Amino acid sequence: MATKPGPLSRWPWQDLGNYKYALLAPWAARSTYRFVTSGSGERDLLGFAVLPVLLLRLLYSQLWISVSRHQTARSKHRIVNKSLDFDQVDRERNWDDQILLTALLFYMVNAAAPVAQAVPWWNSKGLVVAALLHVGPVEFLYYWLHRALHHHWLYSRYHSHHHASIVTEPITSVIHPFAEEAVYFALFAIPLLTVVGTGTGSVVVANGYLVYVDFMNYLGHCNFELVPKLLFDVFPPLKYLMYTPSFHSLHHTQFRTNYSLFMPLYDYLYGTLDKSSDDLYERTLHGREEAPDVVHLTHLATPDSVFHLRLGFASIAAAPLAAAAARLRLLRAAAPLACRLTSLLGTTFRSEANRLDKLSIETWVVPRYTSQYLSKDGLYAIGRLIEKAVADAEASGAKVLTLGLLNQANELNRNGELYVIRKPNLKTKIVDGTSLAVAAVLHMIPQGTKDVLLLGDASKVSTVLASALCEREIQVQIVDKDLYDCLKQELRPKLHNHLLLSSSYSSKVWLVGDKLTDQEQRKAKAGVHFVPYSQFPPEPARDDCVYHSTPAVVVPGSLENLHACENWLPRRVMSAWRAAGIVHALEKWDAHECGARVTGVDKAWRAALAHGFRPFDRHGAAGVAKQQE
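These numbers were taken from a predicted model, which means no experiment stands behind them. Numbering of residues starts from 1 in each chain and follows the order in which that chain's sequence is written. Residues qualify for local features only when their pLDDT is at least 70, as the model is predicted, and side-chain atom pairs are given and counted only at 80 or more; totals for whole chains, interfaces and linings, by contrast, use all residues. Hydrogens and water are ignored here; the side-chain numbers use all heavy atoms of the structure.

Caption draft 1: The arrangement of the sheet that holds strand 14 (residues 614-615) in detail. With antiparallel pairing, 3 strands are arranged side by side in an open sheet as 13-12-14. The open sheet is flanked by strand 13 (573-575) and strand 14, the only strands paired with a single partner. Bridging between strand 12 (residues 552-554) and strand 14 involves 2 bridges; their strand directions are antiparallel. The partner of Val553 across the bridge, within strand 14, is Pro615. For two strands to pair, DSSP has to find at least two bridges joining them. Only DSSP runs of H or I with at least four residues qualify as helices, and only runs of E with at least two residues qualify as strands; both kinds are numbered from the N terminus onward.

Caption draft 2: Quick peek at a nonpolar patch on the surface. Residues enter patches when their relative accessible area tops 30% and they take part in no salt bridge; the joining distance is 9 Å for like charges and 5 Å for the nonpolar side chains Val, Leu, Ile, Met, Phe, Trp and Tyr. To measure how exposed things are, a 1.4 Å probe is used in the Shrake-Rupley method; for residues, cover is taken only from the protein chains shown. A pair is scored as a salt bridge if a Lys or Arg side-chain nitrogen falls within 4 Å of a carboxyl oxygen belonging to Asp or Glu. Judged by side-chain polarity, Phe140, Leu141, Trp144, Leu269 and Tyr270 come together as a nonpolar surface patch covering roughly 460 Å² of accessible area. Considering the arrangement of structural elements, one finds Leu141 in helix 5 (residues 124-149).

Caption draft 3: Structural view of helix 26 (residues 601-610). Taken residue by residue, helix 26 has Val601, Ala604, Trp605, Ala607 and Ala608 as its buried positions. For helix 26, the arc enclosing every buried residue in end-on projection is 165 degrees, short of the 170-degree limit, so these residues lie on one face. Away from the buried face of helix 26 by more than 90 degrees, exposed residues Arg606 and Ala610 are located. Where helix 26 is buried, its residues touch helix 21 (434-442), helix 22 (460-471), strand 12, helix 25 (576-587) and strand 14. Each residue's exposure class comes from its accessible area (1.4 Å probe, protein chains only) as a fraction of the maximum for that residue type: buried when under 20%, exposed when over 50%, partly exposed otherwise. Here the arc refers to the directions that run from the helix axis out to each C-beta atom. Residue contacts follow a heavy-atom distance rule, with two residues in contact if any of their heavy atoms lie within 4.5 Å.

Caption draft 4: Representation of the UniProt feature "domain: Very-long-chain aldehyde decarbonylase CER1-like C-terminal" (unreviewed entry) in the protein. UniProt positions are given in the numbering used here, feature names are shortened, and annotations may be inferred rather than shown by experiment. Under the local residue numbering, the UniProt record ascribes the feature "domain: Very-long-chain aldehyde decarbonylase CER1-like C-terminal" (unreviewed entry) to residues 452-615. For residues 452-615, helix accounts for 30% and strand for 18%, while the C-alpha atoms at its two ends are 20 Å apart.

Caption draft 5: Highlighting the nonpolar core. In this text, buried Ala, Val, Leu, Ile, Met, Phe, Trp, Tyr and Cys residues form a nonpolar core when linked through side-chain atoms within 4.5 Å. Among the nonpolar cores identified, the biggest contains 59 residues, and Leu24, Leu46, Trp95, Phe106 and Phe188 are the most heavily contacted of them. Counting only elements with at least two residues in this core, the list comes to helix 1 (25-37), helix 2 (45-74), helix 4 (97-112), helix 5, helix 7 (178-197) and helix 8 (203-220). Those residues within four positions of Leu24 in sequence are excluded, and the remaining contacts are Leu54, Leu100, Ala103, Leu104 and Tyr107. By size, the runner-up hydrophobic cluster in this structure holds 57 residues, among which are Leu442, Leu465, Cys470 and Leu562.

Caption draft 6: Up close: the pattern of salt bridges. Tallied over the entire structure, the rule returns 25 salt bridges. Glu362 is the partner of Arg350 in a salt bridge, and the nearest nitrogen-oxygen pair spans 2.8 Å. On the criterion of sequence distance, the pair formed by Arg350 in strand 2 (residues 349-356) and Glu362 in strand 3 (residues 359-366) is long-range, its members being 12 residues apart. Owing to a relative accessible area of 2%, Glu362 belongs among the buried residues under this scheme. Taking the shortest distance from any N to any O, the salt bridge between Asp544 and Arg542 comes out at 2.8 Å. Residue Asp544 is classed as partly exposed on the basis of its relative accessible area of 38%.

Caption draft 7: A look at the sheet that holds strand 7 (residues 475-478). Here we have 6 strands laid out as an open sheet, ordered 8-7-6-9-10-11, and parallel in their pairing. Two strands lie at the open edges of the sheet, namely strand 8 (499-501) and strand 11 (546-547), each paired on one side alone. Where strand 6 (residues 451-455) meets strand 7, 4 bridges bridge the pair, whose relative direction is parallel. Paired with Val452 across the bridge in strand 7 is Val476. Axis definition: a line fitted to C-alpha atoms, limited for helices to the stretch in contact. Angles are taken between N-to-C directions and run from 0 to 180 degrees. Each of strand 6, strand 7, strand 8 and strand 9 (509-512) touches helix 22; the most contacted strand, strand 6, lies at about 170 degrees to it. Packing of helix 23 (residues 481-490) onto the sheet brings it into contact with strand 6, strand 7 and strand 8, and relative to strand 8 it is tilted by some 155 degrees.

Caption draft 8: Layout of the environment of Val234. Mapped onto the secondary structure, Val234 falls in helix 9 (residues 229-234). We classify Val234 as exposed; its relative accessible area is 63%. The spacing of Val234 and Glu181 is 53 residues in sequence and 36 Å in space, taken between C-alpha atoms.

Caption draft 9: Quick look at the pairing of strand 3. By the criterion of burial, strand 3 is predominantly enclosed, with 8 of the 8 residues buried. Burial of the side chains of strand 3 extends over both faces: Leu359, Ile361, Thr363 and Val365 are buried on one face and Ser360, Glu362, Trp364 and Val366 on the other. For strand 2 and strand 3, the ladder comprises 7 bridges, and the chain directions are antiparallel. Residue pairing in the sheet places Glu352 in a bridge with Thr363 of strand 3.

Caption draft 10: Here's a closer look at the packing of helix 7 against helix 8. Contact geometry for helix 7 and helix 8: axes closest at 10 Å, N-to-C directions at 150 degrees. Judged on the interaxial angle alone, helix 8 and helix 7 are roughly antiparallel. Crossing of helix 7 against helix 8: the hand is right-handed. Contact residues: helix 7 offers Phe188, Pro191 and Leu192, while helix 8 offers Ala206, Tyr209, Leu210 and Val213. Within the contact of helix 7 with helix 8, the residues separate by chemical class into 7 nonpolar, no polar and no charged. Throughout this description, any angle smaller than 35 degrees is read as roughly parallel, any larger than 145 degrees as roughly antiparallel, any in the 65 to 115 degree range as roughly perpendicular, and the remainder as oblique. Crossing chirality is assigned from the near helix's rotation relative to the far helix, an anticlockwise turn below a right angle marking it left-handed and a clockwise turn marking it right-handed. Residues were grouped as follows: Ala, Val, Leu, Ile, Met, Phe, Trp, Tyr, Cys and Pro as nonpolar; Asp, Glu, Lys and Arg as charged; and all remaining residues, including Gly, as polar.

Caption draft 11: Looking closely at the environment of Gly47. Structurally, the position occupied by Gly47 is in helix 2. With relative accessibility at 1%, the residue Gly47 sits in the buried group. Ignoring any residue separated from it by four or fewer positions in sequence, one finds Gly47 in contact with Ser31, Tyr107 and Asn110.

Caption draft 12: Highlighting helix 11 (residues 245-254). Taken across its 10 residues, helix 11 has 8 buried, putting it largely inside the fold. Of the residues making up helix 11, those classed as buried are Pro245, Ser246, Phe247, His248, Ser249, Leu250, His251 and His252. In this structure, the buried side of helix 11 is in contact with helix 5, helix 6 (152-163), helix 8, helix 12 (265-269) and helix 13 (277-286). Of the residues one or two after helix 11, Phe255 is the one with positive phi, at around 75 degrees.

Caption draft 13: Spotlight on the UniProt feature "domain: Fatty acid hydroxylase" (unreviewed entry) in the protein. Using the residue numbers shown here, the UniProt feature "domain: Fatty acid hydroxylase" (unreviewed entry) corresponds to residues 133-272. When the span residues 133-272 is considered, its composition is 66% helix and 0% strand, and the gap between its end C-alpha atoms is 23 Å.

Caption draft 14: A look at the packing of aromatic side chains. Ring pairs are drawn from Phe, Tyr and Trp, using the six-membered ring of Trp, whenever the two centres fall within 6.5 Å, and their geometry is named by plane angle: stacked under 30 degrees, edge-to-face over 60, tilted for the rest. Across all of its chains, the model carries 26 aromatic pairs by this definition. With centroids separated by 5.8 Å and ring planes inclined at 90 degrees, the aromatic side chains of Tyr212 and Phe262 adopt a geometry described as edge-to-face. Of this pair, Tyr212 sits in helix 8 while Phe262 sits in the loop between helix 11 and helix 12, placing them 50 residues apart in sequence. Owing to a relative accessible area of 1%, Phe262 belongs among the buried residues under this scheme. Members of the aromatic cluster, each reached through a chain of ring pairs, are Phe140, Tyr143, Trp144, Tyr259, Tyr266 and Tyr270. Either the NZ atom of lysine or the CZ atom of arginine qualifies as a charge over a ring when it sits within 6 Å of the ring centre and within 35 degrees of the ring normal. Its end group placed over the ring of Phe35, Arg43 keeps NZ or CZ at 5.0 Å from the ring centre. The ring of Trp589 is capped by Lys603, whose NZ or CZ atom sits 4.9 Å from the centre of that ring.

So this is what it looks like as structure tokens:
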């Protein structure tokens, strides 16, 4: 909200959540019924079009959001190089309120004014009238209203809510207190009511004006420049009639300049033009290449997870997967289409760009799902995608590439070793994050633990974890003989005394990998701690046991532009595998951590702590590793 919220700041339906759309139901039913039952010459075209136009505007707005976030992740034409945080995402989650308000007002005016029920599809006179009224009264009145809103009394009570977003996104344009938005609607109603009242209105002009306002609003609040200079070269006066993203971004950073709505003309006339507008436009349009120092390579999990990406729905991405489950279920019908579309992509795509001190960090997504990784038919194609991503990372100058989730699967690339074998002089260091992941697991094991039960398949993480536990003189019980034999072969002989093949499930601490079954969980005694060492969390089957997080760390407060949750983890918590690459780059370690190579559990943990990372465990276990410090 604003710093000192004024009267009518809250939206009337603020407490309804997504149920606010139920307000449209009676109006939509009424207009649809009248359209269907009326004769062909008496149908109310304007009223019937309200609902489909609302749906199209929602989709249109979401496309702007996704395209904008993709472009800013690429960073070349980014205007304001500052951090966008969770507070802004929360503040802007009601961006659809103005679309809902427009629909309600259209329905009400349509019902109250019989003349609005008889407008045709098209009337060219209405287009001319609407354009002239927008250039004149709307732009002029908005300019002076906007200047008034920057007066300290109105600013603190209303407009400061909008200006809390220094780094703008398209939807920032419509984030205002209700009273302020209502005044804007009164301005934009001038052309619409005039064309209807003069008999020059049409369905196309009325809704086209809304789309025009949406387009210019979203354009001006992008944090990247996309208006080509050719337009201004061909028609120089256009610079007085059309603003650019960089023009309006100066208003959000300087506050006392560039007040115009969409036409800079009034800033030129009244001396409020920011003198650096043209220079910023030129510099931003030219762009700057920003090579990543660290690339984290992840992939999509379930078909629903495509909506959890930062490029998808902001409010969903800003919550852990479990917390967003209800909203994701609403989108499940669209998941198969999204799955097909992403599977057609032949290369990785950037989904996020962060910064820690001077380190530039990017997240790249392999457009494939977990089910495809588990299919032998899909592994070869996925391997090619990952190998290309490794080559692209090296070509961009990345110092480190981390392999997240199943991108480091042994059957796919032997924990990344395959790429080092194929290119021994690879400058980009491949990091699988094993050392930091194991360290994070050790810090989740409750203090005072003397023995643990290790379940899962033989893997690099299970081997390093078993070795670290044995070195700490904690007995590692194993019920699977194949896993026991494998670990005994990998561990040094002096550690074998702490490795025990057992048929007992009596341990109070279970270290679990992938594929933990419900049947296995039922064998646990009440109060058992399930501590995952895998990238994917187990599905809880017991209410009387404690389920810990997958290996993860809390990121430093200085990590910028982190406003999406990583899978099932809370805000500002990062998987240990992803964090390991950042630590690797910060320490400037000149070695890979892939295949059989291990950085060192204690070494990785000390380095992570030194750079501001902190242990994470939703249950706050002190950790056996803490005992050793």
